[in-house]
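# Summary of structural features
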Amino acid sequence: ILIYLFNFKIILGKNGVPVAENFQLEQSTIPDTVQEGQVRVRTLYLSVDPYMRCRMNEDTGSDYLLPWQLSEAADGGGIGVVEESKHNNFAKGDFVTSFSWPWQTVAILDGSLLQKIVPQLVDGRLSFFLGAAGLTGLTALLGIKEKGHVSAGANQTMVVSGAAGACGSLAGQIGRLEGCSRVVGIAGTDEKCSILVSEMGFDAAINYKKGNVAEQLHELCPGGVDVYFDNVGGDISDAVINQMNQNSHIILCGQISQYNKDVPYPTPLPPEVEKIQKERNITRERFLVLNYMDKQEASVLQLCQWIREGKLKHIYLALIYFFISLEAAFQSMMNGGNIGKQIVSVSK
């Protein structure tokens, strides 16, 4: 059985921007037989996400993330269909997903790594289980519930950085659904800002590449900021924190502006910003969705209900990449080229 996989030709290191030369497409084989407890799957979709940049380092900075190994297939979130099963939980034709799906067209996997998915929950749109109905949606929903302290009727203002990305575009919508009275996004192009307001229900959006972010925040959030969903870190986050109210909350989801640099995660705040955080009693704790998997089932059902009702919109303007362009999809995502979730369609 022929498969394709990506191998890393060189170690990128903590400082540096990923380029095509960091990846290598190879043709290989997998065993003809499936062992007890295993399933053979055909890959349908693969997820490309910012955290993967950390896996290109020998030290990922996280105890739950292992580095990708040289001369081995990369892996991440994936969806596929079972072609042969020797695991009691799965049968031929089942659709399954895993957080550790190899970047291969066909794979033999340990059934314990897989979860069965029900296409009817998202009206048959399987790829949604890598986005709004998957780990990305769970991150947005549980981040807001566990760290955002949003209360309906409390007249809270939420700001989302990286707002046109996979998680940010969902977080703004979920913040509204959970009770925020005003939601403001920060993104990198006029097109992204327009989509956030016209399609995602944000009240306003700031193009951080145009004008002064702090001044625009002051104008768009006259009552200050109560909840900040932080996907980017750096100067943008510093500007938001300066506008935050007493006893407000930061949902520390990601720091993509720092991922190509040799800095710790979460990135320490500048002294003057840290002083503001402490004086205003602003919570800023690392959030890891994997710590809340006991709430996964109920949360996924909630996300799917919102999707079916049209209350939660899942956008991906960068879905159709065939497998040979996986590295291009990864580079585009790291450079802000995606709007919404970056999903690679593997089967032609």
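For the structure itself, look to the data block above.
All of the points below concern the structure found in this document. (Residues numbered from 1 in each chain as written. Predicted model: local features only at pLDDT ≥ 70, side-chain atom pairs only at ≥ 80, totals over all residues. Heavy atoms only, no water.)

## What to know about the sheet that holds strand 11 (residues 225-230)
We count it as follows: Two strands are counted as paired when DSSP detects at least two bridges linking them. Under the scheme used here, helices are H or I runs from DSSP no shorter than 4 residues and strands are E runs no shorter than 2 residues, and both carry numbers assigned from the N terminus. What counts as an axis is a line fitted to C-alpha atoms, over the stretch in contact for a helix, and the angles between N-to-C directions run from 0 to 180 degrees. The contact rule is simple, with two residues in contact once any of their heavy atoms fall within 4.5 Å.
The six strands are arranged 10-9-8-11-12-13 in an open sheet whose pairing can be described as parallel. One side of each edge strand has no neighbouring strand; the edge strands of this open sheet are strand 10 (204-207) and strand 13 (283-286). On average, each strand axis in the sheet is inclined to that of its neighbour by 15°, with strand direction left out of account. The pairing of strand 12 (residues 244-252) with strand 13 spans four bridges and is parallel. From the neighbouring strand, H249 faces strand 13, where its bridge partner is T283. On the sheet, helix 2 (residues 166-178) packs against strand 8 (157-161), strand 9 (182-187) and strand 11 and is oriented at approximately 170° with respect to strand 8.

## A short note on helix 6 (residues 271-279)
Threshold: Three labels apply to residues, based on accessible area from a 1.4 Å probe with only protein chains included: buried if under 20% of the type maximum, exposed if over 50%, partly exposed otherwise in between. Think of the arc as the fan of directions from the helix axis to the C-beta atoms.
Listed as buried for helix 6 are V273, I276 and Q277. Mapping the buried residues of helix 6 onto a view down its axis gives an arc of 100°, with all of them on the same face. Residues of helix 6 that are exposed and angled more than 90 degrees away from the buried face: P271, E272, K275, K278 and E279. Of the surrounding elements, those touching the buried residues of helix 6 are helix 5 (234-242) and strand 13. At the exit of helix 6 stands N281, carrying a positive phi of roughly 55°.

## Quick look at helix 7 (residues 296-308)
Going by this rule: Helix span, expected: 1.5 Å multiplied by one less than the number of residues in the helix.
For helix 7, which comprises 13 residues, the first-to-last C-alpha distance of 18 Å matches the rise-based estimate of 18 Å (1.5 Å per residue) to within 8%. What helix 7 keeps buried is the set Q296, S299, V300, L303, C304, W306 and I307. Projection of helix 7 onto a plane perpendicular to its axis shows the buried side chains occupying an angular sector of 160°, all on one side. Along helix 7, exposed side chains directed more than 90 degrees from the buried face belong to E297 and A298. Against the buried residues of helix 7 lie strand 7 (115-116), helix 1 (135-148) and helix 2.

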